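# Results of the structural survey
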Amino acid sequence: MAPALLVLLWAMVIPRADLLPDKKSLLLPPANFTIKVIGLAQVLLRWEPNPDQEPKDVELGYHVRINAPQEDDYETRNTESKRVTVLHQGFSASVQTIPWNGHSLLASNWVSAELKAPPGSPGTSIVNLTCTTNTTLNNYNPLRPYQVSLYCTWLVGKDAPEDTQYFLYYRYGSSTEECQEYRKDTLKRNIACWFLRTFISSRGSDSLAVHANGSSKHATIKPFDQLFALHAIDRINPPLNVTAETEGTCLSIQWEKPISAFPNHCFEYEVKIYNTRKNYFQTEKMTTNTFISIIDDISKYSVQVRAAVSSVCRQMGFWSEWSQPVHVGNDDQKLSTEWFLIVLMATICFIVLIFTLICKIGHLWTRLFPPVPAPKNSIKDFFLIVSPEKTVSNETEIEVISYVEEPGLETLEDSVF
């Protein structure tokens, strides 16, 4: 009897367990899942709630998984999702229904959709695509004082035929443009592009999508997409109007922010001070537009400044080029004094040499400084007195005359008499 009662009780409990409100059941997957290209490197994922989903009052959400070209997943309550991604490798994704309010219902099975990679021969697409942006003043539109230019370069695919011609496009936000100004290689193939004015916002945070396709008579050229973060390719301008002044041992440096749509507080700066006499560099970082330093007052200095947009306003990017060097200091004065002394000494020596030559040529030295008379020589006086009275031959007479005309004796006579 007891075993029969137990069996009957078990039969009654099992169907009641199916009616418990917390029993877990499987949700139904979304319906009509599609992937559509809506722009360069941009797709729209769209689906619908399953019309047969029960119970109707359950809050539903969706788990989206990107399978290719790069894996990613996220949750949303919407029934569509935009994605910015490269498409030359194809694109595929999956979505499932999930309970949004923490209900114990189980997630549904996955449904998937796919975009095939565009056709093209391997090795024919461009390679090594690089792009840079730069901000300049906009003189054509006072309501938009700054404009952004874009410059891109690339290499020809290793298997691209010689008649291949490439064409470049960019998309930023909802704006798309085709390049109109190319630079070509020796085979007249496009290898670089210049957009003087673009729709790119220099303070924007959206990704820049660049697309390149091509044509050839001998092969189908495979297209190529690449995404760029603006902070990673923005070429900041150097600071403006850098000035440097010295007063004693104090060096004062000032400058203005670069040409940029970012305000003053968005910039960091580096100041480089080079002591030309000691061959010594000093580099300082700051967020203000001035810098004061103690220096050696007998040296000459070269000053340069560069800038970067700080993480306060966007993700940190690259530093600008250094500004043109500004030279200050007194090293030139010291050098000029040394040269002045050298030139003065050389001039004095030259004047003394010229004066000596002039005196020697014009016997001016002898006239200005006559020799001191020497003591009388009695023997010479005797010959001078007796020589006219002697009767001598012509030969002896000539000798006496020669003796009398000797310069030393003539000078003596002049000095005595």
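What counts and how
Residues numbered from 1 in each chain as written. Predicted model: local features only at pLDDT ≥ 70, side-chain atom pairs only at ≥ 80, totals over all residues. Heavy atoms only, no water. Helix = DSSP H or I, 4+ residues; strand = E, 2+ residues; numbered from the N terminus. Buried < 20%, exposed > 50% of the residue type's maximum accessible area, 1.4 Å probe, protein only. Contact = heavy atoms within 4.5 Å. Areas by Shrake-Rupley, 256 points an atom, 1.4 Å probe, with all protein chains shown as cover. 1 Å grid on protein atoms, 1.4 Å probe; cavity = no way out; pocket = protein on both sides within 12 Å on 5 of 7 lines; lining within 4 Å. Points joined across faces, edges and corners; volume = space filled by probe spheres on them. Nonpolar A, V, L, I, M, F, W, Y, C, P; charged D, E, K, R; others polar. pLDDT = per-residue confidence, 0-100. Phe/Tyr/Trp six-rings, centres within 6.5 Å; stacked < 30°, edge-to-face > 60°. Lys NZ or Arg CZ within 6 Å of the ring centre and 35° of its normal. Pairing = 2+ DSSP bridges. Axes fitted to C-alpha atoms, helices over the stretch in contact; angles between N-to-C directions.

### Remarks on the overall build of the protein chain
A tally of regular secondary structure across the protein chain gives seven helices and 22 strands. The proportion of buried residues among the 417 residues of the protein chain is 32%. Put simply, of all contacts in the protein chain between residues at least 6 apart along the chain, 62% involve residues at least 24 apart. Roughly 26,800 Å² of accessible area belongs to the protein chain as shown, and the carbon and sulfur atoms make up 58% of that amount.

### Brief notes about the layout of surface pockets
Of the pockets and cavities examined, the largest pocket occupies roughly 180 Å³. Forming the walls of the largest pocket are Ile-66, Pro-69, Gln-70, Glu-71, Asp-72, Arg-83, Val-84, Thr-85, Val-86, Gln-89, Phe-91 and Leu-227. Taken together, the residues that form the lining of the largest pocket break down as six nonpolar, three polar and three charged.

### Comments concerning the confidence of the model for the protein chain
In the predicted model, the protein chain carries a mean pLDDT of 82, and the fraction of residues at 70 or more is 77%. By mean pLDDT, helix H1 (residues 2–18) is the weakest element of the protein chain at 40, and strand E10 (residues 165–172) is the strongest at 98. Segment residues 1–23 is flagged for pLDDT under 50; beyond a separation of four residues in sequence, or across chains, it makes three contacts in the model. Confidence over residues 382–417 falls short of pLDDT 50; this stretch has 13 contacts with residues more than four positions distant or in other chains.

### Some remarks on the packing of aromatic side chains
A full pass over the atoms with the stated rule returns eight aromatic pairs. For the pair Tyr-274 and Phe-281, a centre-to-centre distance of 4.5 Å together with 25° between the ring planes defines the contact as stacked. Here the aromatic residues Phe-33, Trp-47 and Tyr-62 are joined through ring pairs into a cluster of three or more. Across the ring face of Tyr-140, the terminal group of Arg-197 is positioned such that the distance to the ring centre comes to 5.1 Å. The cationic tip of Lys-272 hangs over the ring face of Trp-322; the distance from NZ or CZ to the ring centre is 4.5 Å.

### Description of the pairing of strand E11 (residues 175–178)
Pairing geometry for E10 and E11, over four bridges, is antiparallel. When the bridges of E11 are listed, Tyr-169 appears paired with Glu-178. Counted between consecutive antiparallel strands, the loop separating E10 from E11 contains two residues, among which Gly-173 sits at a positive phi close to 65°.

### Some thoughts on the sheet that holds strand E20 (residues 290–294)
Consider a sheet: its strands pair through backbone hydrogen bonds, and that pairing is either parallel or antiparallel. A sheet is described by the order of its strands in space; here three strands give the open sequence E16-E17-E20, paired in antiparallel fashion. If you trace the sheet from one side to the other, it starts and ends with strand E16 (240–247) and E20, each paired once. Geometrically, the sheet is characterised by an average inter-axis angle of 15° between neighbouring strands, direction not taken into account. Bridging between strand E17 (residues 250–256) and E20 involves five bridges; their strand directions are antiparallel. Across the sheet, Leu-251 pairs through a bridge with Ser-293, a residue of E20.

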